[in-house]
Amino acid sequence: MLSIIEQIKQGKLWDFHGGIHPAENKDLSNKSPIVNAGIPQELVLPLKQHIGSKGDIIVAVGDNVQKGQPLTQGDIAMCVPVHAPTSGTITAIEQRTTAHPSGLSDLCIVIAPDQQDTWCDKTTYADYEDRDPAELIDAIRLNGIAGLGGAGFPTARKLQGGLGNVDILIINAAECEPYITADDRLMRDYAEEVIEGVRILRHIISPKLTIIGIEDNKPEAIQALEQHVKEDDNILIRVVPTKYPSGSSKQLVKILTGREVPSQSRSTSVGVIMQNVGTAFAIKRAIIDGEPLIERVVTLTGEAFKERGNVFAMLGTPIAYLLDKFGYKADKKHPRVIIGGSLMGFTLPHSNVPITKMTNCILAPKRKELPLHTYEMACIRCSACADVCPSSLLPQQLQWYAKDQNYEKCEEYNLQDCIECGACAYVCPSEIPLVQYYRQAKAEIWARSQDEINAERARQRFEAKQARMDRDKAERENRFKKAAETRREEMAKTGGDDAVAAAIARVKAKQAAAQNEKPEVKPAVAAAIAAAKAKQAASAQGATSETLPDNSEMAKLREERKRQARERKAEKEAVESTAATSNNDSKKDAVAAAIARAKAKKAQQASEQKAPVADSIVENAEVDPKKAAIAAAVARAKAKKEAQQAQSETTPEPVAETEAVDPKKAAVAAAVARAKARKAAQQAEAQSETTPEPVTETEGIDPKKAAVAAAVARAKARKAAQQAEAQSETTPETEAIDPKKAAVAAAVARAKARKAAQQAEAQSETTPEPVAETDDVDPKKAAVAAAVARAKARKAAQQAQAQSETTPEPVAETEAVDPKKAAVAAAVARAKARKAAQQAEKQSVTPEPTAETEAVDPKKAAVAAAVARAKARKAAQQAAKEQQNIEED
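Residues numbered from 1 in each chain as written. Predicted model: local features only at pLDDT ≥ 70, side-chain atom pairs only at ≥ 80, totals over all residues. Heavy atoms only, no water.

A. Region of the structure containing the overall build of the chain. Helices and strands together make up the secondary structure of the chain, namely 25 helices and 16 strands. Burial statistics for the chain: of 889 residues in total, 44% are counted as buried. Within the chain, contacts between residues separated by at least 24 positions form 80% of all contacts whose residues are at least 6 apart in sequence. Summed over its atoms, the accessible surface of the chain is roughly 47200 Å², and 52% of this surface lies on carbon and sulfur atoms. (Helix = DSSP H or I, 4+ residues; strand = E, 2+ residues; numbered from the N terminus. Buried < 20%, exposed > 50% of the residue type's maximum accessible area, 1.4 Å probe, protein only. Contact = heavy atoms within 4.5 Å. Areas by Shrake-Rupley, 256 points an atom, 1.4 Å probe, with all protein chains shown as cover.)

B. The arrangement of the sheet that holds strand E6 (residues 88-97) in detail. Pairing in this open sheet of 4 strands is antiparallel, and the strands run E2-E7-E6-E4 from one edge to the other. Looking along the sheet, the strands with just one partner apiece sit at the ends: strand E2 (43-46) and strand E4 (64-65). With 2 bridges joining them, E4 and E6 adopt antiparallel strand pairing. Bridged to Asn-64 within E6 is Thr-89. (Pairing = 2+ DSSP bridges.)

C. Quick peek at the sheet that holds strand E15 (residues 346-347). Read from one edge to the other, the open sheet built from 6 strands follows the order E1-E13-E12-E16-E14-E15, with strand pairing classed as mixed. This sheet does not close on itself; its edge strands, each paired only once, are strand E1 (35-36) and E15. Where strand E12 (residues 295-301) lies against strand E13 (residues 309-314), 6 bridges are found, and the strand directions are antiparallel. Counted as the bridge partner of Val-297 is Phe-312 from E13.

D. Quick peek at the packing of aromatic side chains. Considering all chains together, one arrives at 5 aromatic pairs under this definition. Here the aromatic rings of Tyr-401 and Tyr-413 are separated by 5.3 Å at their centres, their planes lie at 45 degrees, and the arrangement is tilted. On the criterion of sequence distance, the pair formed by Tyr-401 in helix H11 (residues 395-403) and Tyr-413 in the loop between helix H12 (407-412) and helix H13 (423-427) is long-range, its members being 12 residues apart. Connected via pairs of aromatic rings, a cluster forms that spans Tyr-190, Phe-281 and Phe-312. Its end group placed over the ring of Trp-119, Lys-122 keeps NZ or CZ at 4.1 Å from the ring centre. Across from the ring centre of Phe-16, 4.4 Å away, lies the NZ or CZ of Lys-243, which sits over that ring. (Phe/Tyr/Trp six-rings, centres within 6.5 Å; stacked < 30°, edge-to-face > 60°. Lys NZ or Arg CZ within 6 Å of the ring centre and 35° of its normal.)

E. Quick look at the environment of Ser-267. Residue position: Ser-267 is located in the loop between helix H7 (249-257) and strand E11 (272-276). Looking at Ser-267, its side chain comes within polar contact range of the main-chain oxygen of Val-272, at 3.0 Å. (Polar contact = N/O pair within 3.5 Å; in protein donor to acceptor, adjacent residues only side chain to side chain.)

F. Looking closely at the nonpolar core. Of all hydrophobic cores here, the largest spans 59 residues; its most connected members are Leu-71, Ile-111, Leu-159, Ile-204, Ile-212, Leu-225 and Ile-287. No other element matches the 8 residues that helix H5 (residues 191-205) contributes to this core. If you look at the next biggest cluster of nonpolar residues, it comprises 20 residues, including Ala-99, Phe-305, Leu-322 and Phe-326. (Core = buried A, V, L, I, M, F, W, Y, C linked by side-chain atoms within 4.5 Å.)

G. Seen up close, the pairing of strand E7 (residues 105-113). Bridge count for E2 against E7 is 4 bridges, and the pairing is antiparallel. In the strand pairing of E7, Leu-43 is matched with Ile-111. Bridge count for E6 against E7 is 9 bridges, and the pairing is antiparallel. The residue bridging Gln-95 from the neighbouring strand is Leu-107, located in E7.

H. Geometry of the environment of Pro-81. Take Pro-81: it is sitting in the loop between strand E5 (72-73) and E6. Judged by relative accessible area, Pro-81 falls into the buried class, the value being 6%. Taking C-alpha positions, Pro-81 is 8.5 Å from Asp-56, a pair spaced 25 residues apart along the chain. In contact with Pro-81, other than residues within four places in its own chain, are Thr-72, Arg-141, Leu-142, Gly-144 and Lys-357.

I. Here's a closer look at the side chain of Asn-172. Here Asn-172 lies in strand E8 (residues 168-173). A relative accessible area of 10% places Asn-172 in the buried class. Polar side-chain contacts of Asn-172 include one of 2.6 Å to the backbone oxygen of Gly-247. When sequence neighbours within four positions are dropped, the list of residues in contact with Asn-172 reads Gly-213, Gly-247, Leu-252, Met-274, Gln-275, Asn-276 and Val-277.

J. Structural view of the pairing of E13. With 6 of 6 residues buried, E13 lies mostly within the body of the structure. Going residue by residue along E13, you find Gly-309, Val-311 and Ala-313 tucked away on one face and Asn-310, Phe-312 and Met-314 tucked away on the opposite face as well. One ladder, built from 2 bridges, connects E1 with E13; its direction is parallel. Each residue of the ladder has a partner; that of Asn-36, found in E13, is Phe-312.

K. Here's a closer look at the pattern of salt bridges. Inspection of every chain in the model, using the stated rule, returns 31 salt bridges. In this structure, Lys-54 engages Asp-106 in a salt bridge whose closest nitrogen and oxygen atoms are separated by 3.0 Å. Here Lys-54 is found in the loop between E2 and strand E3 (56-57), whereas its partner Asp-106 is found in strand E7, with 52 residues between them in sequence. A salt bridge links Arg-285 to Asp-289, with the nearest nitrogen and oxygen atoms 4.0 Å apart. Taken together, the shared-partner salt bridges connect Lys-122, Glu-193, Lys-284, Arg-285, Asp-289, Glu-291 and Glu-295 into one network. (Salt bridge = Lys/Arg side-chain N within 4 Å of Asp/Glu carboxyl O.)

L. Representation of the side chain of Thr-359. With respect to the helices, strands and loops of the structure, Thr-359 is situated in the loop between E15 and strand E16 (361-363). With relative accessibility at 1%, the residue Thr-359 sits in the buried group. Within the structure, the side chain of Thr-359 is placed 3.1 Å from the side chain of Thr-356, a separation counted as a polar contact. Setting aside residues no more than four positions away along its own chain, Thr-359 makes contact with Ala-99, Arg-296, Val-297, Val-298 and Ile-339.

M. Representation of unusual backbone geometry. A cis geometry characterises the amide bond from Tyr-244 onward to Pro-245, with omega recorded as 10 degrees. Backbone geometry at Asp-117 places phi at a positive 55 degrees, although glycine is not the residue there. If you trace the backbone, Asp-117 turns up in the loop between E7 and helix H2 (133-142). With a phi angle near 55 degrees, Glu-431 is a residue other than glycine that sits in the positive phi range. Secondary-structure assignment places Glu-431 in the loop between H13 and helix H14 (434-494).

N. How the structure looks around a positive patch on the surface. Residues Lys-31, Arg-308, Lys-329, Lys-332 and Lys-366 make up a contiguous surface patch of positive charge. Within the secondary structure, Lys-329 sits in the loop between helix H9 (319-325) and strand E14 (338-339). (Patch = residues over 30% accessible without salt bridge, like charges linked within 9 Å, V, L, I, M, F, W, Y side chains within 5 Å. Lys, Arg positive; Asp, Glu negative; His and termini not counted. Charge placed at Lys NZ, Arg CZ, Asp CG, Glu CD.)

O. A look at the packing of helix H4 (residues 182-189) against helix H8 (residues 277-287). Closest axis-to-axis distance for the H4/H8 pair is 9 Å, and the angle between their directions is 45 degrees. Of the possible angle classes, the one that applies to H4 and H8 is oblique. The handedness of the crossing between H4 and H8 comes out as left-handed. Note on element contacts: H8 touches H4 through Val-277, Gly-278 and Phe-281, opposite Asp-183, Leu-186 and Met-187. Partitioning the contact of H4 with H8 into residue classes produces 4 nonpolar, 1 polar and 1 charged. (Axes fitted to C-alpha atoms, helices over the stretch in contact; angles between N-to-C directions. Parallel < 35°, antiparallel > 145°, perpendicular 65-115°, else oblique. Left-handed = near helix turned anticlockwise from the far one by under 90°. Nonpolar A, V, L, I, M, F, W, Y, C, P; charged D, E, K, R; others polar.)

P. Here's a closer look at the confidence of the model for the chain. Confidence in the prediction for the chain averages 76 pLDDT; 63% of positions are at 70 or higher. Every residue in residues 610-623 scores below 50 in pLDDT, and together they form 18 contacts with partners more than four places removed in sequence or on other chains. (pLDDT = per-residue confidence, 0-100.)

Q. Quick peek at H8. When you tally the buried positions in H8, you get 11 out of 11 residues, the bulk of the element. Restricting attention to buried positions, one finds in H8 the residues Val-277, Gly-278, Thr-279, Ala-280, Phe-281, Ala-282, Ile-283, Lys-284, Arg-285, Ala-286 and Ile-287.

R. Quick peek at H5. Along its 15 residues, H5 runs 21 Å from first to last C-alpha, staying within 8% of the 21 Å computed at 1.5 Å per residue. Counting buried positions over the 15 residues of H5 gives 12, a clear majority of the element. Every buried residue of H5 is accounted for by Ala-191, Glu-193, Val-194, Ile-195, Gly-197, Val-198, Arg-199, Ile-200, Leu-201, Arg-202, Ile-204 and Ile-205. Just downstream of H5, Ser-206 is the residue with a positive phi angle, here 60 degrees. (Expected span 1.5 Å × (residues − 1).)

This is how it looks when you write it as C-alpha cells:
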C-alpha cells in the first residue's frame, strides 16, 4: 500500500464535506498589476494586529521615527512587534477604531509621515541556508510577521510548534473567497520572491514534501510559479478544483493529504504545517532584504470603485485615503464598505479605519451587486445549511442554542470547529445571519472560559498559600517540640527537672486546693471587714448627701402653697354656704371701716410732715453726684424689693375674707377700695413727676431735656390717673347689690389698684429720660433732688399698697348703713375725685411749653418742675381729704 506522500506525488486529491460554488467576481480586480498606494497624511497603527498579546510601547509622543523602526516589543512568541511603515513623527498614542467586527476601539500609535520615507538600519540574512532555524525564527518574530491569510496567527510561533513534528509543508494559494485576488496578483507579479520565501520555510522546517495548493481558476499564477520552481526544490504545485471554502486550513489539508484535523486541533497535530502565499513573500522580504512587515497587498474591488485592482498599502493607512484615491463613489441608498470578501467580511462603521496585517480586501459593492438581507425569517428545517457545512456541523441546532444562550449545548455540538466561512448563511432561504449568532456565542464562551481560568488560578494560589502556611506552622511546632525535648534531656543529664513543667504543676495543684478547700475566716478578721464595709457605706452615703442638692426650702414652700390653697378653698366654701342665709352683725363692718379710715389718715399726715423736709433738702443740700447716683440706685432697688414682698404677701388672699357679707358692708368696702385706688394712682403720678431718671452723667443738665422729662412724667401720671378713674367707674353700683358680686367687685378693685401702682412704679423707674449734659445747672443739687423725689414716691406707693393690703373688711360697730345711701355717697366721692384730678391735670399742664423754647434758664425750669409737683401733691391730698370726709359722713 502506498504511503500518503507517494499518493500525493502521484497526483491524488481528496475532497471535504459540503462546500458551495458562489459567483467568483475575481475579474473585477485581477486584470491589472499591483501598484503602490502611496504615503497618506496620517498612519494609525493598532498595537494588536494579530492573534495573541500586544507588545510594550517603546516610543513616545513627539519622537521622530524612521521607516522600519520598531514601535513595540515583546519577549514571548505570541507577541509580534509593530514597525513604522515610513519615517515621520509620533503625534499621538490614543484609542482609535480598529478593523474588527465589533467596531470597538483599541490603543493605537499615530504617525505623521514626513514624506521622506527614510529607512532605518536593516539586518539581512542572505546566507540563510547557513543559519540555524531558531535564529531565523527569531528574526521572523522580530520583523513582526503574522499570518497574512486572514487569521493573523504569529508565524514564528507556528514554526516553533512544527519543528520536528511535521513532514509536509503546504503553501496555501487557493484564495477561494469571491472578489479577493491579492494572492493571485502576488503570485503573478512576484512569483520568484514567493518561491524564495518557500525555500526559507523549507530550510527552517525541513519537511519531506512541500505542496503549493492552488485553485484551477488561476492559470496565470500557476504558470508563473512553475517557471520559478526547480527540480531540486522538492516543491509540488497541486491544482485543486474551485470550491468554497477549499482555502480553509483544515479543508485544504483534507484535499491535499487526505488527513482530517481533529476537533479543536491544528494541522500540526496530523504532521502538516500550512503557510499563506503572502506570508512566504513577507518572510523573503524580512530574511533576504531585512524589511519588516510594514505593508501588504490589498484588493480594492466592487462596482463602487472607479479604479479597481490590488495595491501595496502601508499598514495603518486609513481606508478613507484609499477610497478617495481610487475613485470610490458610494451607493446613494445603501453605501457600504466591507473588509474581506462577500462571505466572510464585515461592514465597517465608518471609513476612518486603518489597514492591518489581516486586511486583504476592501469591497465596496452597490445595492444591485450585493443585495442586502431584508429581514430574518423562521427556519423551515430544510437542512441546506447542514448539507454545505465544510466542518460537518449542524448549523440549525447551533443557531437555536446560541439564540437561547445555551452555551453548554453549543460546545457539545462543537461550535468551536466552525470556521465562520458563511456557507450556511449563503444557502439559507430564510436569510438567517447564522455566522453572527456563532460569533457572538464564541465570544461569550471565550469570556466565560477566561473567567474560569482566572478563578482556577486564584484557587490554586490560595491553596498554595494555605499549604505554605500549614507547612510553616508544622515546622514551627516541630522546632518548639524539638527545643523542649532538648531542654528536658539537658535537665535530665544535669540531675534537675524541667523548671517550666514543675512551675506549671505547682500552679495547677494550688488552684485545685483552692477550689476544694473553703478559707476559714477568723472572728477578728470578720469584724474588721464588717467595720470597713460599714465605714465605706457611711462615707458613700455622706458623699451622696453632700453631692445631692438641698431641696428642703423648696419643699417647705410647696407645703405652704398647698396649705394656703386649702384655706382659700375652705373660705370660699364658707362664703358660698353663708351667702344665702347670712345676716350678721353690722357693727363689725362699721368697726373695720373706722379702722381703715384711721390708718389712711395717719399715713397721710406722716407723708405731709416729711414732704417739707424733703423740699428743703432739695433746695439747700449739696451732695456729691456719684454718691447721689448710688443712693438713688439703692433706693430704687429697695423700693422694688419691698413692693415685691408686699405683693407676695397679699397674693394668696381670697376674694371673700369674711364669713358673711352684708350688702351694706359690701358697698362700703367697694367705696373704700375705689378711694384707695385713686389715692395710689395720685401717689404714682407724684412719684413719676418727681423722679428724674438716670443720673449717672451728672456733670451738666440740659434745660430743654429737663423740661421734656417733666412733661413726659406728667403725661404718665395723667395716664395712670385716668386708668384708675376708669377702673373706679366700671364698678357696678345698683340699688340692690348681690353680696357675692359685691365681694368679688371689692377684691377686683383692690387687685387693680395694686396692679396700677406697680405699673406706674415700673414705668417711672424704667423710663429712659436723659437729664441733659449742660453746664448751667448744679449737678449735685439735681442729683439730690432726683434721689429725694424717687424716695418719696416709693415710700408713698409702699404705704398706699400696705394700707390697701392690710386694711380689713369694714367691721365697725356702727349703725346699719342703707345700701342706697352708700351707693350715692360712693358716686359723689367718685365725681369729686375726678374733678380734683382734672384740676390737678390743668395745673400740671401749664409748664409744658417751656420744653419748646430755645433758651430756658435751667434754674427756672427746675423750680417750675418742683412747683408743678407740689401742686399735684396738694391736689391729690385735697381729693383724699374730701373722700375721707365723705366716707366719715
